[in-house]
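Descriptive structure summary
Here are the chains, one letter per residue:
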Amino acid sequence: MTCTAPTFAQVNDEEQETTTLEEVIVTGQRQALENAIDLKRASDTIGDSIVLDEAGKVPSTSLLEILERAPGVTMNRIRAGSEGSPDGFAFEGSGVQVRGLNKTKTLINGREVFSANGGSGLSWADVGPELLKSVTVFKASRADLIEGGVSGTVNLETHMPFDFDGFNANIAIAADYGDYSEEVTPAVSGMISSRFDTDIGEFGVLLDLAYSKIASHDSNIIIPPYHATNYNGERVYAPAGVRHTQDQFERVRDGYYGALQWAPNENLEFFHTTFISERESNRKSQIVSMEPGTSVGVFDGAEFDDGIFVRGAISSTNLESGLAVGTNSSYTPSFSSTADHSTGFKFEQDSWDVSGSYQYVKAESRSGKYSLGSAVIPSIVQTNMDMSGDRPYASLGTPLSTDPGEAGLSRINWLDMSNEGESHALQLDANFDIGDGFFKKLAVGARAADREESDNFVGTWWSATGRNWNGVPRAYANTAPEGDFYLEEFSDFFKGEETPLGGAWIGTRQVNDSAQFDRVYDTYLACGPELHYQCSDPDATTYLYSNEDTLRNRNFDQLPSFYETDHKTQSAYAMFGFANDSDSPLLNFSGNIGVRWVNYDIASEGNFTFNGGSRYYESLAAAEASVEAMGGIDNVAQWQTDNEGMQPPMTLESVGYEKQRLGSFEKDYFLPSLNIKFEPADGWVFRYALTRTLTAPRYPDIRAQGTASIQTTENPINDELDALNPTEDVSIPAIFSGYTNTSGNPFLEPEVSLNHDISLEWYPNRGSTMHLSLFHKSIDNYITFNNFSAPANEYFSPEDYPQSAPVDGGGSEFLDGPVSSRTNFNADEETIIKGFELGGRTYFDSLPGWLSGFGVSANVTFIDNDSPDAFALDINGDKLSVPVIGLSEWAYSTTLLYDYEKFSARLAWNWRDRYLTTTNDSGTTRTYNDPFTGDQIQIGLPVYAADSGRLDASFSYQISDSMNIKLNVQNLTDEDQRTEMEILEGRYVDRAVFVTDRRISLHLGIDF
C-alpha cells in the first residue's frame, strides 16, 4: 500500500476503491474533470492532486503555480522563512503551504527526494512539471506514507512505460514572452514510450526530456525600518531612508527522465527509474540606496498619522550633514541538480504481494554573489518622501551626482556557497488479503535511509575596499580601469511609471564575476608599483586582509563556515484496511488504521568562528580621548590625511578564532493513523482522519556551526564630522556595545502534530460536487526563532573569551559585555492550527447548446492559529505577537470554466490574505540609539507579504485528435506585489513594492 509508481500503475478494481487521492485533470476536457470527481468520491482519505496530461503540458509553468489551484494550498510569490529574504522577488514562487504550514514532505513516486539547499526538502523551482504525470497533496496521512510532513505530503508521480498500451509519443513546444523583460524564451518537452514482448517477458522503455528557459525583470522600492526620532520635542517614527532596485533574472531548467520495466511473468515486475532535474539561473541587480541605519531628522511641515510619518522631508538628525547615498550592482549565479536513481520490484499472488526498492539520490547546488559598492559624494541634505500613495514616493532635494569623480568605491560583497548531499534508502512493503471479516487487508513495511549533506560558505557579505584610511587608495569611477563602471540611468524603473532617485555609476559584469577575483582584488583591495593604484609610499605594496599564507584572501576579514549533517532514519509500519457493509447507512463505512515507528538519528559537525577585523572604541570616552589625541575634532580630517593607512589612536580590533563543534540527537517516535469513510445517503460522503505526523528540523536549524562577532553602536561624533566635512569621507570607528551570536541548535527535536480532519462531500450529479472540510492541528516542539542575552563571561568559556587588540600594538584584552544571541528553539507550548475549506465545481448543463459548456470551480480556506512567542520586536524594542510564518487567514480561488466540443478556456482568480514572511531579516533587525534616552534599542520588525490577488487566463483548441494549441496569460491585471512592516502593535507600513512581468505564452502539443 505504498504510493510508488509501479503500485499506482497497476491498481485493480478493489484497490481503486481505496485510492487516497482526488484528481483534477488540467486538460480542458470536461470528461477528465468528471472522472476526477469520481475518484474523489471513491477515495478513503483527504487529498488533492493535479494530473498533467502528456500533450497538454505547459512547459514553462512552475509546479507552484499549478498547485495553488488546489483547495487549502497557497504559494509564496514573496519569499518566507527559510526560503530567503522577502526583499527579493521570487520569479516562479518560492514555497508552498498546505493549510497554512510549509512543513511538507516531498516524494517522487512515493520515495523521498530533496535538494542540496542547506535544508531538508525539495526546492520547488528545481523541478518543472514537464517530467511529471501528477502531483498529489495528501492532507491526511497514513501509516504507509514516509514520515516528514506535519502539514501534508506532496508526491510527484512520473509516467511508467506500462501506463500506456504499446507505443506512445508526444512533444510540446512553447514560446513565452514577458512584457517587462521584452524577451521571448523557448520551452520544449517530449516523451516516447513503448512496450514489447520477448521470450523472457514483457519490457517497457520510456524516455522523457524537457528544456525550459524564462527571462523576467522586476523593479522594487524598499523602505528601511522606521526609527524613533525627535520632531519638535515629540517622539515620532520616520522611515530611515529609501532604496530603489531593479533586477534582470534568467533561468534555464533541463529535465531528464528514463524508466524501464520488465515483467518476466504476470506475477513479477522489475523497474528502474532515473530522474534528473538541473536548474541554472542568474540575477543581475542595480541598486541606489539611502539607508543610514540610524534615526533620521524630519524637516518642519511634515505630516504624521498618530506619530507615524506620512509625508515630508528627511535628513540627518542635525538636518545639515544629510544622508549618504550608496550604489551597487551585483551578479548572483546559481546552479542546482537533483538526481534520483531507483530500482525495485513487485511480486503478486492472488492474496498477497510484496514490493521493494533501492533509491540513491545525489543533489548539489552552487551559488555566488559578486558586487562592488560605492558611495556618492556629497551626501543629500533633503529627501522628500510620501508614504500615502499606492507606491512609496521619494525624490532628492538636490540631484544625485553623476560625476564619476564623486562615485567612490567603498565595499565589496564576494561570496561562494556550495552544498552537496546524497542518500541511500531501502524500502520493503507487503500487502495481504486477510479475509471477508471486518479487517480485510494488512499492509506492513520497513524503510532504512542514510543521508549526508555538507554545506559551505566562503567569502564576505561586506568588507571595505581601499578607503585611504586602511592603507589602500580609494578608487573612483573616473580612476578605475576602463569598462569596470558604467552610468546606470534606471530609465525603465517600474516599467517607466515611477521616477528613480537618479542615475549612478555602478560595476559592470567585467568586475562582478567570480573569474575576475584576482584582478578585482589587485585593483580595489591592493596597491603597489605594478598594480593599478599605487600606495602613498610608491615603493610599497599593500594587500588588504592578506596573511602569511594568502596574498589574496577569499575570506577577506571573515572566516569560512561549514557544517556536515548525517541523518539516519529507520522506520516500520503496520496498517489494517477495514470495511463494514450494513443495511444501515450509518454503519456502512470503510477505512484503515495503522501505526508507523520512526527512529530519528541526526548528527551535525561544524565550525564556530569569532570574526576578527572589526574596529571600534571601547567606549565613548575612549573615542573622545582619541579625537583629542588627533588634535581635536577640527583636525581629524587633516590627521587622517597626514597618517594615511593608520587607525585613530585607541582603536581596538577584534581577534578572530575558529573551533570545531559537534552535536547530535536521537529518539523513537510512534505515529498512529486512522482514516474512516461513511456513505450515509446516496450522493453524500463523510470522512474523518485522526493522525499523528512528524517534521524534522531543517539542517541549517540544527547545524553545529555558528558565528559570533563584535556589536557596536553608531559613534555620535561622526555626525559632527559629517557636518564639518560634507564633501569628504571622514569618520572614526563605532562604539563597542557587546557581542552578537548566531548559531544552529543541534539538539532540536522534530515537530510532532496531532491532527483531526473532517470532510463532508456532496455529489448531486455527475460532474458536480461540493465539499466542506474542517481541520485542527496541535503541534508539539514547534520550532521558533527567538533571542536570548547573557553576559559574555558566562556565555563564552574562559579559553574562548573574545579578544580585542589595540591597532597600534600591545597585548589583547577581553571586553565583557552582553551577548545578544538568536537561534531556534523548540517551543514549550503547543501551536494550534485550525480552520476550514469550502469548495465546489459544476457545469451549467441546463443551458442550451454552446452555453452548456460554462462552469465554475471555487474554493475558500480560512485558517486560525495560536503560536508561541517568536523573535519580534517593534520600533521601541517592545515584544510583538506574530502568527505562524507563511499562514494566510483567508485564501480563495475562483475559476470560470468553459469546455465545449474542441474549445476550452479558463479564467482564474487566486487571492490570499496577508502572511508573515520573517521576523529576523537582516534588513529589519538591528540596534539603534534612542534619540531621547540614548539607550540602545534592539528591533526585529516582522515583515508580512500584503494581501494580493492575481488573474490568469488560458484558452486551448483541439486542432485534431493528435494536436492542440494553448494560449496562457499570467498576471493579466499586472498586479504589484507588496510587503509590509509591523512597526508598532497593529500598525503596518510599506516595506517594499515589486512590479514584474505580465507573461504570455503559446503552446503547441502533438501526440504521435
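Quantities reported herein were computed from a predicted structural model and do not represent experimental measurements.

Attention now moves to the overall build of the protein chain. Secondary structure summary: the protein chain contains ten helices and 54 strands in total. Relative to the globule expectation of 30 Å for 1008 residues, the C-alpha radius of gyration of the protein chain, 31 Å, shows essentially globular dimensions. For the protein chain, the C-alpha atoms occupy an extent of roughly 100 × 65 × 55 Å along the three principal directions. The burial tally for the protein chain puts 58% of its 1008 residues in the buried class. Nonlocal contacts in the protein chain, meaning residues at least 24 apart in sequence, comprise 77% of its contacts between residues at least 6 apart. When the accessible surface of the protein chain is split by element, carbon and sulfur atoms take 52% of a total near 38,300 Å². Considering the protein chain, the positive charge centre built from 70 side chains and the negative charge centre built from 148 side chains are found 5 Å apart.

Another aspect to go through is the packing of aromatic side chains. Throughout the structure, instances matching the rule amount to 43 aromatic pairs. Summarising the aromatic geometry, the rings of Trp-684 and Trp-762 are spaced 5.7 Å apart at their centres and angled 20 degrees between planes, so their arrangement reads as stacked. Of this pair, Trp-684 sits in strand S34 (residues 684-695) while Trp-762 sits in strand S37 (residues 751-762), placing them 78 residues apart in sequence. On the basis of relative accessible area, Trp-762 is assigned to the partly exposed category, the value being 33%. Ring plane angle 25 degrees and centroid distance 5.4 Å describe the contact between Tyr-892 and Trp-911, whose orientation is recorded as stacked. With Tyr-892 in strand S44 (residues 890-900) and Trp-911 in strand S45 (residues 903-912), this pair connects stretches of sequence that are 19 residues apart. According to the relative accessible area criterion, Tyr-892 is partly exposed, its value standing at 32%. Within the aromatic cluster, the residues linked to one another by ring pairs are Tyr-370, Trp-414, Phe-517, Tyr-521, Tyr-543, Tyr-545 and Phe-556. Seen from the ring of Phe-114, Arg-451 lies directly overhead, with NZ or CZ sitting 3.7 Å from the centre. Over the ring of Tyr-944 we find Arg-914, and its NZ or CZ is 6.0 Å from the ring centre.

With an omega of 10 degrees, the peptide bond running from Ile-377 to Pro-378 counts as cis. Inspection of the secondary structure assignment puts Pro-378 in strand S20 (residues 352-380). Even without a glycine there, the phi angle at Leu-319 is positive, about 60 degrees. Tracing the backbone through its elements, the reader meets Leu-319 in the loop between strand S18 (308-315) and strand S19 (323-348). Judged by its relative accessible area of 29%, Leu-319 falls in the partly exposed class.

Attention now goes to the state of the cysteines. Across all of its chains, the model carries one disulfide by this definition. Here Cys-527 engages in a disulfide with Cys-535; their sulfurs sit 1.9 Å apart. Linking Cys-527 and Cys-535, the disulfide has an S-S dihedral of approximately 95 degrees and is accordingly described as right-handed.

We now examine helix H5 (residues 517-524). Along an α-helix, residues three or four apart share an orientation, since each turn contains 3.6 residues. Counted residue by residue, H5 has six buried out of eight residues, so it is predominantly covered. Looking at H5, one finds that the buried residues are Phe-517, Val-520, Tyr-521, Asp-522, Thr-523 and Tyr-524. On its buried face, H5 sits against S20, strand S23 (407-433), strand S25 (485-488), strand S27 (526-527) and strand S28 (542-543).

Turning our eyes to something else, we now look at a negative patch on the surface. Residues Asp-828, Glu-829, Asp-864, Asp-866 and Glu-889 make up a contiguous surface patch of negative charge. Tracing the chain through its elements places Glu-889 in the loop between strand S43 (854-866) and S44.

Next up on the list: the pattern of salt bridges. Using the criterion set out here, one finds 46 salt bridges in the structure. For Arg-311, the salt bridge identified is with Asp-386, shortest N-O distance 3.5 Å. In this pair, Arg-311 sits in strand S18 while Asp-386 sits in strand S21 (residues 383-386), placing the two residues 75 residues apart along the sequence. Owing to a relative accessible area of 28%, Arg-311 belongs among the partly exposed residues under this scheme. Asp-386 sits in the partly exposed class, given a relative accessible area of 23%.

Before going further, it helps to spend a moment on the UniProt feature "domain: TonB-dependent receptor-like beta-barrel" (unreviewed entry) in the protein chain. Summarizing the sequence annotation, UniProt attributes the feature "domain: TonB-dependent receptor-like beta-barrel" (unreviewed entry) to residues 402-972 in the numbering used throughout. Secondary structure over residues 402-972 splits into 7% helix and 53% strand, and the C-alpha atoms at its two ends are 37 Å apart.

Time to look at the confidence of the model for the protein chain. Per-residue confidence for the protein chain gives a mean pLDDT of 88, with 93% of residues at or over 70. Note on residues 1-29: pLDDT is under 50 here. Beyond four places in sequence and across chains, it has 85 contacts. Throughout residues 54-60 the model reports pLDDT below 50, and contacts reaching past four residues in sequence, or to other chains, amount to 30 contacts.

Now for a nonpolar patch on the surface. A cluster of nonpolar residues, Tyr-177, Val-184, Phe-903, Phe-955, Tyr-957, Ile-959, Ile-965, Leu-967, Ile-1000 and Leu-1002, forms a patch on the protein surface that exposes about 820 Å² of accessible area. Of note, Ile-965 is situated in strand S51 (residues 963-970).

Inspection of the sheet shows S37 paired to strand S38 (residues 769-780) by eleven bridges, in the antiparallel sense. Residue pairing for S38: Leu-754 is matched across the bridge by Ser-778. Hairpin connection from S37 to S38: six residues lie between these consecutive antiparallel strands, with Gly-767 at a positive phi of about 90 degrees. Looking at chain direction, S38 and strand S42 (residues 831-843) are connected through eleven bridges and run antiparallel. Its bridge partner lying in S42, His-771 is registered against Gly-839.

The biggest cluster of nonpolar side chains holds 46 residues, and the ones touching the most others in it are Ile-223, Tyr-226, Phe-309, Met-385, Met-981 and Ile-983. For Met-385, the contacting residues outside a window of four places in its chain are Ile-223, Pro-239, Gly-241, Val-242, Phe-309, Val-310, Arg-311, Gly-312, Ile-314, Tyr-393 and Ala-394. Ranked by size, the runner-up nonpolar core spans 27 residues in total, among them Val-113, Leu-122, Leu-132 and Val-135.

With respect to the helices and strands, the residue Met-385 is situated in strand S21. Between the alpha carbons of Met-385 and Val-310 there is a distance of 8.1 Å; along the sequence they are 75 residues apart.

Of the positions making up helix H6 (residues 620-629), those classed as buried are Ala-622, Ala-623, Ser-626 and Val-627. Across the axial projection of H6, the buried residues extend over an arc of 140 degrees, all falling on one side. Packed against the buried residues of H6 are strand S31 (615-617), helix H7 (636-642), helix H9 (717-724) and strand S36 (734-743).

By secondary structure assignment, the location of Asp-921 is in the loop between strand S46 (915-918) and strand S47 (925-929). For the buried Asp-921, which has no salt bridge, the nearest side chain bearing the opposite charge is Arg-991, at an N-O separation of 4.4 Å. Setting aside its immediate chain neighbours within four residues, Asp-921 contacts Ser-85, Pro-86, Asp-87 and Arg-991.

It is a general feature of regular strands that their side chains alternate between the two faces of the sheet. Pairing of S21 with strand S22 (residues 393-396) involves four bridges; the strand directions are antiparallel. When the sheet's bridge partners are listed, Met-385 is paired in S22 with Ala-394. Taking the residues that link successive antiparallel strands as the turn, the S21-S22 hairpin has six residues.

Cut-off values and rules
- Residues numbered from 1 in each chain as written.
- Predicted model: local features only at pLDDT ≥ 70, side-chain atom pairs only at ≥ 80, totals over all residues.
- Heavy atoms only, no water.
- Helix = DSSP H or I, 4+ residues; strand = E, 2+ residues; numbered from the N terminus.
- Rg over C-alpha atoms; globule rule 2.2 N^0.38 Å.
- Buried < 20%, exposed > 50% of the residue type's maximum accessible area, 1.4 Å probe, protein only.
- Contact = heavy atoms within 4.5 Å.
- Areas by Shrake-Rupley, 256 points an atom, 1.4 Å probe, with all protein chains shown as cover.
- Lys, Arg positive; Asp, Glu negative; His and termini not counted.
- Charge placed at Lys NZ, Arg CZ, Asp CG, Glu CD.
- Phe/Tyr/Trp six-rings, centres within 6.5 Å; stacked < 30°, edge-to-face > 60°.
- Lys NZ or Arg CZ within 6 Å of the ring centre and 35° of its normal.
- Disulfide = S-S within 2.5 Å.
- Patch = residues over 30% accessible without salt bridge, like charges linked within 9 Å, V, L, I, M, F, W, Y side chains within 5 Å.
- Salt bridge = Lys/Arg side-chain N within 4 Å of Asp/Glu carboxyl O.
- UniProt positions renumbered as here; feature names shortened; annotations may be inferred.
- pLDDT = per-residue confidence, 0-100.
- Pairing = 2+ DSSP bridges.
- Core = buried A, V, L, I, M, F, W, Y, C linked by side-chain atoms within 4.5 Å.
- Arc of directions from axis to C-beta.

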